[in-house]
Amino acid sequence: MTDLPSSRAELLSSMLLELIEILRDRQGNTWLAIVAIASGNSATIAIDEARIHVQAEGEQELQITISTAETDAPNDFESTGLVLRNIMFGRSTLEKAVASGKIFIRASFGELLKIRSIVTSVLLDTEVDPRLLSLWKRFEQEWEK
């Protein structure tokens with residue numbers, strides 16, 4: 001992680017890296033799907049005013065690099081913290097948020113289906129891994145500060 005100017009970008013980066021480490025530690029189907037989909041790809045993520053650039057390289061030992069997004073880089077994923085919290089805690093669905101324009105994802109239809117499967121898997125993993133639920137609760141508390 002390098003050169004992140006805002007505290008929200010730093011929070012987003014650290015929580016994303018923690019999420020990756022939890023899922024890597026679990027070594028389940030969710031991790032295998034992330035490796036298959038993310039390896040060799042990058043994305044600019046914007047949540048509220050925080051913008052980061054994420055690069056994923058490698059296979060099973062997937063390495064994630066997070067940096068400040070270039071000013072002129074288009075967002076590949078865009079949403080708000082409120083929308084994400086609503087999905088994390090079952091008050092909304094990814095499909096509803098995308099269809100209503102509350103989440104923007106720049107991807108092909110096939111990539112959208114893969115992203116949906118990962119989000120679904122992560123939410124299901126939350127039911128059995130208290131570390132994920134703890135991460136979501138911390139996001140909910142700290143993002144609004």
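As a reminder, the structure under discussion sits directly above these lines.
Residues numbered from 1 in each chain as written. Predicted model: local features only at pLDDT ≥ 70, side-chain atom pairs only at ≥ 80, totals over all residues. Heavy atoms only, no water.

A.B. asks: Would you mind showing me how to read the overall build of the protein here?
C.D. replies: Across its full length, the protein carries six helices and five strands. For the protein, the spread of C-alpha atoms along the three principal axes comes to 35 × 35 × 30 Å. By the burial criterion, 36% of the 145 residues in the protein qualify as buried. Carbon and sulfur atoms provide 55% of the accessible area of the protein, an area that totals close to 8200 Å². (Helix = DSSP H or I, 4+ residues; strand = E, 2+ residues; numbered from the N terminus. Buried < 20%, exposed > 50% of the residue type's maximum accessible area, 1.4 Å probe, protein only. Areas by Shrake-Rupley, 256 points an atom, 1.4 Å probe, with all protein chains shown as cover.)

A.B. asks: Please clarify how the sheet that holds strand β2 (residues 50-57) should be interpreted in this entry.
C.D. replies: Note: strands within a sheet are paired through backbone hydrogen bonds, in either parallel or antiparallel orientation. In spatial order, the strands read β3-β2-β1-β4-β5; together these five strands make up an open sheet with mixed pairing. Looking at which strands have only one partner, the edges of the open sheet turn out to be β3 (63-68) and β5 (104-105). In this structure, strand β4 (residues 77-79) lies alongside β5, joined through two bridges in antiparallel fashion. When the bridges of β5 are listed, Glu 78 appears paired with Phe 104. Against the sheet, helix α1 (residues 7-26) makes contact with β1 (42-47), β2 and β3, and its axis sits at roughly 30° relative to β2, the strand it touches most. (Pairing = 2+ DSSP bridges. Contact = heavy atoms within 4.5 Å. Axes fitted to C-alpha atoms, helices over the stretch in contact; angles between N-to-C directions.)

A.B. asks: What exactly am I supposed to notice about the pattern of salt bridges here?
C.D. replies: Any two side chains of opposite charge can pair, given that their charged atoms come close. This structure, assessed with the given rule, holds 12 salt bridges. Arg 8 is paired through a salt bridge with Asp 48; the nearest N and O atoms lie 3.4 Å apart. Of the two residues, Arg 8 sits in helix α1 while Asp 48 sits in the loop between β1 and β2, which places them 40 residues apart along the sequence. Under the relative-accessibility criterion, Arg 8 is labelled buried at 16%. Asp 76 serves as the salt-bridge partner of Arg 106, at 3.7 Å between the closest nitrogen and oxygen. With a gap of 30 residues between them, Arg 106 in the loop between β5 and α5 (109-126) and Asp 76 in the loop between β3 and β4 connect regions that are remote in the sequence. When salt bridges that share partners are traced, they join Asp 25, Arg 26, Asp 125, Asp 129 and Arg 131 into one network. (Salt bridge = Lys/Arg side-chain N within 4 Å of Asp/Glu carboxyl O.)

A.B. asks: Explain helix α6 (residues 130-143) to me, please; I cannot follow it from the model alone.
C.D. replies: Working note: α-helix, 3.6 residues per turn, so residues spaced by three or four point in the same direction. Over its 14 residues, α6 runs 20 Å from end to end, which matches the ideal 20 Å to within 8%, given 1.5 Å per residue. Buried residues belonging to α6 abut α1, β1, β2, α3 (81-88) and α5. (Expected span 1.5 Å × (residues − 1).)

A.B. asks: How should the side chain of Arg 24 be read in this particular structure?
C.D. replies: Here Arg 24 lies in helix α1. Looking at Arg 24, its side chain comes within polar contact range of the main-chain oxygen of Leu 62, at 2.8 Å. (Polar contact = N/O pair within 3.5 Å; in protein donor to acceptor, adjacent residues only side chain to side chain.)

A.B. asks: For this particular structure, what's the right way to read the environment of Leu 32?
C.D. replies: By the secondary structure assignment, Leu 32 is in helix α2 (residues 29-38). Distance in space between the C-alpha atoms of Leu 32 and Ile 115 is 13 Å, their sequence separation being 83 residues.

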